[in-house]
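If you want the building blocks of each chain, they are given just below.
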Amino acid sequence: MKNAMNKILANSGMSDSLSKPEPIPCEVCGMGRPQTQIEHPFKKVMTWVHCACPCVVVKNEKFWSDQKNADKQIKINRALKLSSAMEDIKSMTFDNFQGRSGTKAAYEEIMSAVKNFDKRGKLGVFIFGETGNGKSHITASGGNALIKSGYAVIYITEKDLFSRLQATKNFKNTETFGEIMGACLDADLLIWDDFMSSQKLSADEKDWIFQIVNGRERANKPIWMTSNITPEEFESGEIAYQLDDKGRTWWRIIGNMNCVLNQAVNYRKSKAMARALDISVEEYEKRIQEESN
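So, here is what we can say about the structure in this document. All figures in this text were calculated on a predicted structure; none of them were measured in a lab. (Residues numbered from 1 in each chain as written. Predicted model: local features only at pLDDT ≥ 70, side-chain atom pairs only at ≥ 80, totals over all residues. Heavy atoms only, no water.)

1. With respect to the pairing of strand β2 (residues 46-50)
- In terms of burial, β2 is largely enclosed, as 4 of its 5 residues are buried.
- The hairpin formed by strand β1 (residues 35-39) and β2 contains 6 residues between the paired strands. (Buried < 20%, exposed > 50% of the residue type's maximum accessible area, 1.4 Å probe, protein only. Helix = DSSP H or I, 4+ residues; strand = E, 2+ residues; numbered from the N terminus. Pairing = 2+ DSSP bridges.)

2. So, the packing of aromatic side chains
- All told, the structure shown has 14 aromatic pairs when counted by the stated rule.
- Measuring from ring centre to ring centre gives 6.2 Å for F126 and F195, while their planes differ by 80 degrees; the resulting arrangement is edge-to-face. Of the two residues, F126 sits in strand β3 (residues 124-128) while F195 sits in strand β5 (residues 189-195), which places them 69 residues apart along the sequence. Like F126, the residue F195 is buried in the burial classification.
- Between the aromatic rings of F126 and W250, the centroid separation amounts to 5.7 Å while the plane-to-plane angle is 90 degrees, which identifies the pairing as edge-to-face. With F126 in strand β3 and W250 in helix α12 (residues 248-255), this residue pair connects regions lying 124 residues apart in the sequence.
- Exposure remark for W250: the relative accessible area of 0% places this residue in the buried category.
- Through a chain of ring-to-ring contacts, the aromatic side chains of F126, F128, F162, F177, W192, F195, W208, F234 and W250 assemble into a single cluster. (Phe/Tyr/Trp six-rings, centres within 6.5 Å; stacked < 30°, edge-to-face > 60°.)

3. Quick notes on the environment of L189
- Mapped onto the fold, L189 is located in strand β5.
- Taking the relative accessible area as the measure of exposure, L189 reaches 0% and is therefore buried.
- Measuring from C-alpha to C-alpha, the distance between L189 and R216 comes to 9.3 Å, with 27 residues separating the pair along the chain.

4. Remarks on unusual backbone geometry
- The phi angle at D194 is positive, at roughly 65 degrees, despite the residue not being glycine.
- Here D194 shows up in strand β5.
- At M196, a residue that is not glycine, the phi angle is positive and equals roughly 65 degrees.
- In this fold, M196 is placed in the loop between β5 and α9 (203-218).
- Residue M196 is classed as buried on the basis of its relative accessible area of 7%.

5. With respect to the pattern of salt bridges
- Applying the stated criterion to the full structure yields 6 salt bridges.
- Between R120 and E109 there is a salt bridge; the shortest N-O distance is 3.0 Å. On the criterion of sequence distance, the pair formed by R120 in helix α5 (residues 117-120) and E109 in helix α4 (residues 104-115) is long-range, its members being 11 residues apart.
- For R120, a relative accessible area of 15% translates into the label buried.
- One salt bridge in this structure joins E217 and R252, with 3.2 Å as the shortest N-O distance. Of this pair, E217 sits in helix α9 while R252 sits in helix α12; the two residues are 35 residues apart in sequence, bridging distant segments of the chain. (Salt bridge = Lys/Arg side-chain N within 4 Å of Asp/Glu carboxyl O.)

6. Re the sheet that holds strand β6 (residues 223-227)
- Strand order in the open sheet formed by 5 strands is β4-β5-β6-β3-β7, and the pairing between neighbours is parallel. Two strands lie at the open edges of the sheet, namely β4 (153-157) and β7 (257-261), each paired on one side alone. For this sheet, the mean angle separating the axes of adjacent strands, direction not counted, is 10 degrees.
- Examined bridge by bridge, β3 and β6 share 4 bridges and lie parallel to one another. Pairing of F128 across the sheet is with S227, part of β6.
- Against the sheet, helix α7 (residues 158-167) engages β4 and β5, with an angle of about 90 degrees to β4. (Axes fitted to C-alpha atoms, helices over the stretch in contact; angles between N-to-C directions. Contact = heavy atoms within 4.5 Å.)

7. Notes on empty space enclosed by the protein
- Scanning the model with the defined rule gives 1 cavity of 30 Å³ or more in all.
- The volume enclosed by the largest cavity comes to roughly 80 Å³.
- Lining the largest cavity are 13 residues, with K122, V213, I223, N256 and M257 positioned closest to its centre.
- Those elements giving two or more residues to the lining of the largest cavity turn out to be α9, β6 and α12.
- Take the lining of the largest cavity: its biggest share by element is 3 residues, from α9. (1 Å grid on protein atoms, 1.4 Å probe; cavity = no way out; pocket = protein on both sides within 12 Å on 5 of 7 lines; lining within 4 Å. Points joined across faces, edges and corners; volume = space filled by probe spheres on them.)

8. Here's the deal with the environment of D186
- Tracing the backbone through its elements, the reader meets D186 in helix α8 (residues 177-186).
- For the pair D186 and A219, spaced 33 residues apart in sequence, the C-alpha separation works out to 8.3 Å.

Just distances and angles here, no functional claims.
This is the structure we're talking about:
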């Protein structure tokens with residue numbers, strides 16, 4: 001028994017002798033492996049052990065780092081594959097975002113969410129306000145910044161998400177339900193554009209929303225949502241029961257998000273009205289602001 005234990009200790013690099021043993025050459029670089037003293041597991045004495053050579057440690061660390069990066073790249077590619085194919089979304093950045101009256105709160109919230117992404121965990125963002133007022137540009141800018149930092153981000157419109165999930169019922173479909181749902185749950189960030197754009201939700205759509213919201217909450221991963229709902233709709237309890245008869249989905253959503261009203265007006269409308277009045281967009285929006293005050 002003693003001989004067997006000594007053999008095991010010797011194979012692990014531990015000497016049964018109290019004196020410092022001869023160095024063992026590294027199988028990679030040929031240099032003597034470093035040695036150190038530790039307490040013997042069966043005797044109350046200090047004994048010498050051979051450690052891993054620094055070159056082997058570096059090699060192993062590089063291997064695991066490369067594996068981790070490869071897995072992360074697969075995850076990122078999977079997320080990009082699912083994202084809605086909108087070339088203009090990919091080009092949206094904080095640098096080319098034109099700040100307008102009413103967008104400051106939403107802009108600063110997304111900037112903070114990007115800066116503190118790892119610390120925030122499942123805390124997401126819910127930006128609502130009238131259509132065409134910059135919500136999508138702001139969230140896309142944040143998503144693109146995170147992609148550049150190596151995070152897996154899915155940017156998808158609600159209509160695109162629902163149509164693709166629905167299409168999986170066709171056995172000839174190239175995407176499976178599991179692939180789409182799995183990507184939505186696994187991505188570091190899910191940007192859900194135009195939430196509640198479907199005024200009438202089917203039973204399947206309600207279930208899909210709950211699966212994604214609940215699954216990401218359990219995984220401690222955030223969702224950023226944009227929506228065209230009004231402040232009145234946001235404050236009323238009616239919207240909660242459009243998602244399910246108990247309101248559980250809605251309260252999970254806003255309970256896990258910082259909710260921000262983007263008060264800017266519709267930019268497309270502003271451009272059209274500015275051209276009609278032969279004034280600049282800035283002048284038109286200033287008039288609107290003064291009239292509202």
